[in-house]
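Architecture at a glance
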Amino acid sequence: MALKPTIYKFKVAISDFSQNYFDELDLTLAQHPSETLERMMARVLAYCLNAQEQLVFCKGLSTNDEPDIWLKNLQGDIELWIEVGEPSPERIKKACRRAKRVKVYPFNSKASTWWSQESAGFRSLSATVECFPWEEIKQSAEFIERTNTLMLSINENTLDLCLNEGLVTIEIEPLL
């Protein structure tokens, strides 16, 4: 019998001062049995950084031909393809052919090693790569519960988040 995903709920208040975007969201996420809380936290943050109507979480880890998050227009064209983790340049090259914009958010302890080995393959691609620092992702994941309240303030590359009872500041590192 296959393991079932664990469902998490987030009530999110976003204040994005960089883009003058303010909203409240109710997010429901299915954590894949092989997914860590840190990866799920990175997915939530990637979603919040790109929040807009029609943005949806995809099947992610269980489907090879979908990203973690995407935005499709009314005709079904992919406007935005978001990967969380350390994908290969080949995967992102395919994504760039399918979507108008592609963003990658590496987040784990091996992200700098991955980037030093793979960055040359990304240079010719029209993708954006922004790294979440591992220690802060780990710290924020410690505050995750099954039902969550997240207040997120975004100013340039700085995220100030209050998740349930925890406070964390995350400095996003633009790589490409």
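The preceding data block contains the structure.
Computed from a predicted model, the values in this text were never measured in an experiment. (Residues numbered from 1 in each chain as written. Predicted model: local features only at pLDDT ≥ 70, side-chain atom pairs only at ≥ 80, totals over all residues. Heavy atoms only, no water.)

**Examining helix α4 (residues 134–141)**
The periodicity of an α-helix, 3.6 residues per turn, causes residues three or four places apart in sequence to face the same way. The set of residues buried in α4 consists of I137, S140 and A141. Around the axis of α4, the buried residues are gathered within 100 degrees of arc, so they sit on the same side. Along its buried surface, α4 packs onto α1 (37–49), β9 (158–163) and β10 (166–171). (Buried < 20%, exposed > 50% of the residue type's maximum accessible area, 1.4 Å probe, protein only. Helix = DSSP H or I, 4+ residues; strand = E, 2+ residues; numbered from the N terminus. Arc of directions from axis to C-beta. Contact = heavy atoms within 4.5 Å.)

**A word on the sheet that holds strand β6 (residues 99–105)**
Sheet strands line up and pair through hydrogen bonds in the backbone, either parallel or antiparallel. The strand order β3-β4-β5-β6-β7-β11 describes an open sheet built from 6 strands, whose pairing is mixed. Taken across any chain shown, the strands that pair with only one partner, and hence form the sheet edges, are β3 (55–57) and β11 (173–174). Both strand β7 (residues 127–131) and β11 contribute to a ladder of 2 bridges, which runs antiparallel. Of the residues in β11, the one forming a bridge with E130 is P174. Here α1 sits on the sheet and contacts β3, β4 (69–72), β5 (78–84) and β6; the angle it forms with β5, its principal contact strand, is near 150 degrees. (Pairing = 2+ DSSP bridges. Axes fitted to C-alpha atoms, helices over the stretch in contact; angles between N-to-C directions.)

**What about the side chain of E83?**
Note that E83 resides in strand β5. One polar contact links E83 to W81, side chain to side chain, over a distance of 2.8 Å. With near-sequence residues (within four places) excluded, E83 lies in contact with E66, P67, D68, R91, I92, K103, V104 and Y105. (Polar contact = N/O pair within 3.5 Å; in protein donor to acceptor, adjacent residues only side chain to side chain.)

**A few points about helix α3 (residues 111–122)**
Here α3 contains 12 residues, and its C-alpha end-to-end distance of 14 Å is more than 12% below the 16 Å for a straight helix at 1.5 Å per residue. By the burial criterion, the buried members of α3 are A111, W114, W115, S119 and F122. One side of α3 holds all its buried residues, which, seen down the axis, span an arc of 125 degrees. Exposed side chains of α3 directed beyond 90 degrees from the buried face belong to S116, Q117 and A120. For α3, the elements touching its buried residues are α2 (89–98), β6 and β7. (Expected span 1.5 Å × (residues − 1).)

**Some points on the environment of P174**
Note that P174 resides in strand β11. When its relative accessible area of 47% is taken as the criterion, P174 is described as partly exposed. Along the sequence, P174 and P5 sit 169 residues apart, while their C-alpha atoms lie 32 Å from each other. What P174 contacts, discounting residues up to four positions off in sequence, is V129, E130 and N157.

**A closer look at the packing of α1 against α4**
Put simply, α1 and α4 touch, their axes get as near as 9 Å, and they point 100 degrees apart. Between α1 and α4, the angle falls in the class roughly perpendicular. Together, L37, E38, M41, A42 and L45 of α1 and W134, I137, K138, S140 and A141 of α4 make up the contact between the two elements. (Parallel < 35°, antiparallel > 145°, perpendicular 65-115°, else oblique.)

**A look at the sheet that holds strand β8 (residues 147–155)**
Taking strand neighbours across the sheet as the criterion, the 5 strands line up as β2-β1-β8-β9-β10 in an open arrangement whose pairing is mixed. Whereas interior strands pair on both sides, the edge strands pair on one side only; in this sheet they are β2 (21–31) and β10. Taking the axes of each pair of neighbouring strands and ignoring which way they run, one obtains an average angle of 20 degrees across the sheet. As paired strands, strand β1 (residues 6–16) and β2 are joined by 11 bridges and run antiparallel to one another. Residue pairing across strands places K9 opposite T28, the latter belonging to β2.

**Details of unusual backbone geometry**
With a phi angle near 75 degrees, Q54 is a residue other than glycine that sits in the positive phi range. Even without being a glycine, N164 presents a positive backbone phi close to 55 degrees. Secondary-structure assignment places N164 in the loop between β9 and β10.

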